[in-house]
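# Close look at the chain arrangement
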Amino acid sequence: MPVHGAQKAAILMLALGEESCSRLFEAMHEEEIREISSAMAQLGTISAETVEQVCNEFSGSLGNTEVLVGNIDSTERLLKRALPAERAAQIMEEIRGPAGRTMWDKLGNVSEVTLANYLKNEYPQTVAVILGKIKPLHAARVLSLLPEEFSMDVMTRMLRTENVQKAVLQSVENTLRSEFVSNLARGAKRNSYEQMADIFNNFDRRLEGRFMTALEQRSQDDAERIKALMFTFEDLQHIPRESLSQLVGRINREVLPLALKGASEQLRVAFLGTMSERVGKMLSDEIASLGPVRVKDVDAAQAEIVQTAKEMADAGEIELQNQGASNELIL
């Protein structure tokens, strides 16, 4: 059979045996493990001829191998040898399906208007479970379209929800499958306050203020914990100068002046400090020449830069040190 890419890697690793395969898995990134293990689980029976073609210089030692069998069981054994039990179980859950990891992604493609219209008729606890499984940006948009009192009830339940019973989650999945998609995925467990902070980060400034005020009235403690976890554009003034310099190099040059137009003087100084005097003056002149700008446009520009910073931090390229900067502006 013709094989390519991850299939070749899967065949070679099966041929090397479980011990060698587990050591190779340990040296890989999680996404590589997912791709290869998924291919491995679907290989089925591989002929000796195919094994020899893939292994090349190892074909001599593999000449007596008649067949290799790549299936769910062999893949699971290899993953358990190479990875912590919980991590291996998560990968196998995605491979087994039909609830693969594209399921919640597909739900994320459903219009927030459509999803909000559907969820507003559901129990708040059910909505909390669903919004806890989709991306924070999508969840933020859905929450903004729901009645405010209902949204507050949902957010409170999301903060209180820890481990959802499997039977409950299965029931929710079955309902959503019939309404929206044919496949749903199980997302990774996250701290509820971190998740809610991400959602608040994706609200525009007006909605963030409105929902935070309402949450403060319900639970000051919850509001303070979320504020402490939120990373805002102003917090960029507290990250190491080297990290800020790297971030500046990655930012769209058309976005930065607009974002800094609505920033505090202290944050502007931090950004300008990463540039030469000439480049800094050009940026200052560009900011001044913008004239009046819409708050909505400034929020979007700042959100784009914050998202870039988070992606770089996740990739280990920069450090983010949120030291609880004040929200007050220096005039």
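Remember, it's a predicted structure, so these values are computed and weren't measured experimentally.

## Details of the pattern of salt bridges
- Here the structure, examined in full by the defined rule, presents seven salt bridges.
- For Arg218, the salt bridge is made with Glu149, and the minimal N-O distance between the two is 2.5 Å. Taken together, the positions of Arg218 in helix α14 (residues 205-218) and Glu149 in helix α11 (residues 148-160) put the pair 69 residues apart, joining distant regions of the chain.
- When its relative accessible area of 40% is taken as the criterion, Arg218 is described as partly exposed.

## Remarks on the packing of α11 against α14
- The geometry of α11 relative to α14 is characterised by a closest axis approach of 11 Å and an angle of 65 degrees between their N-to-C directions. For the pair α11 and α14, the sense of crossing is right-handed. Taking contact as the criterion, the partners of Glu148, Glu149, Ser151, Met152, Asp153, Met155 and Thr156 in α11 are, on α14, Arg210, Phe211, Ala214, Leu215 and Arg218.

## Overview of the confidence of the model for the chain
- Here the chain shows a mean pLDDT of 76. Residues at 70 or above account for 74%.
- This stretch, residues 97-102, has a pLDDT under 50; its non-local contacts, to residues over four places away or in other chains, come to 13 contacts.
- Note that pLDDT drops below 50 for residues 181-190; the model gives that stretch 36 contacts with residues more than four away or on any other chain.

## Observations regarding the packing of helix α16 (residues 241-250) against helix α20 (residues 295-314)
- Running from N to C, α16 and α20 point in directions that differ by 120 degrees, and their axes come no closer than 10 Å. Of the possible angle classes, the one that applies to α16 and α20 is oblique. Between α16 and α20 lies a crossing of right-handed hand. Across the interface between the two elements, Gln246, Leu247 and Arg250 of α16 pack against Ile305, Thr308, Ala309 and Met312 of α20.
- Grouping the constituent residues of the contact of α16 with α20 by class yields four nonpolar, two polar and one charged.

## Considerations on the environment of Leu258
- Within the secondary structure, Leu258 is located in helix α17 (residues 255-261).
- The spatial distance from the C-alpha of Leu258 to the C-alpha of Val298 is 5.8 Å, given a sequence separation of 40 residues.
- Residue contacts for Leu258: discarding those within four places in its chain leaves Leu290, Val293, Asp297, Val298 and Ala301.

## Quick notes on α16
- Buried within α16 we find Ser243, Leu244, Leu247 and Val248. Seen along its axis, α16 keeps its buried residues to an arc of 140 degrees; they face one direction. Turned more than 90 degrees away from the buried face of α16, the exposed residues are Glu242 and Gly249.
- Contacts made by the buried residues of α16 are with α18 (265-272) and α20.

## Observations regarding the nonpolar core
- Among the nonpolar cores identified, the biggest contains 36 residues, and Leu131, Phe200 and Ile226 are the most heavily contacted of them.
- With six residues, the single largest contributor to this core is α11.
- Residues within four places of Phe200 in sequence aside, it is in contact with Met155, Glu208, Phe211, Met212, Leu215, Ile226 and Met230.
- Counting 24 residues, the second-largest nonpolar core is a separate cluster that includes Phe271, Ala301, Ile305 and Ile318.

## Observations concerning the packing of aromatic side chains
- The final tally for this structure, using the stated rule, is one aromatic pair.
- Look at Phe233 and Phe271: their rings are 6.0 Å apart centre to centre, the planes differ by 25 degrees, and that puts the pair in the stacked class. Of this pair, Phe233 sits in the loop between α15 (220-229) and α16 while Phe271 sits in helix α18; the two residues are 38 residues apart in sequence, bridging distant segments of the chain. By the burial criterion, Phe233 is buried, and Phe271 matches it.
- It is Arg210 that lies over the ring of Phe211; its NZ or CZ is 5.0 Å from the centre.

## Looking at the environment of Lys296
- Note on placement: Lys296 falls in helix α20.
- When the C-alpha positions of Lys296 and Asp204 are compared, they lie 7.4 Å apart, and in sequence the two are 92 residues distant.

The rules behind each value
- Residues numbered from 1 in each chain as written.
- Predicted model: local features only at pLDDT ≥ 70, side-chain atom pairs only at ≥ 80, totals over all residues.
- Heavy atoms only, no water.
- Salt bridge = Lys/Arg side-chain N within 4 Å of Asp/Glu carboxyl O.
- Helix = DSSP H or I, 4+ residues; strand = E, 2+ residues; numbered from the N terminus.
- Buried < 20%, exposed > 50% of the residue type's maximum accessible area, 1.4 Å probe, protein only.
- Axes fitted to C-alpha atoms, helices over the stretch in contact; angles between N-to-C directions.
- Left-handed = near helix turned anticlockwise from the far one by under 90°.
- Contact = heavy atoms within 4.5 Å.
- pLDDT = per-residue confidence, 0-100.
- Parallel < 35°, antiparallel > 145°, perpendicular 65-115°, else oblique.
- Nonpolar A, V, L, I, M, F, W, Y, C, P; charged D, E, K, R; others polar.
- Arc of directions from axis to C-beta.
- Core = buried A, V, L, I, M, F, W, Y, C linked by side-chain atoms within 4.5 Å.
- Phe/Tyr/Trp six-rings, centres within 6.5 Å; stacked < 30°, edge-to-face > 60°.
- Lys NZ or Arg CZ within 6 Å of the ring centre and 35° of its normal.

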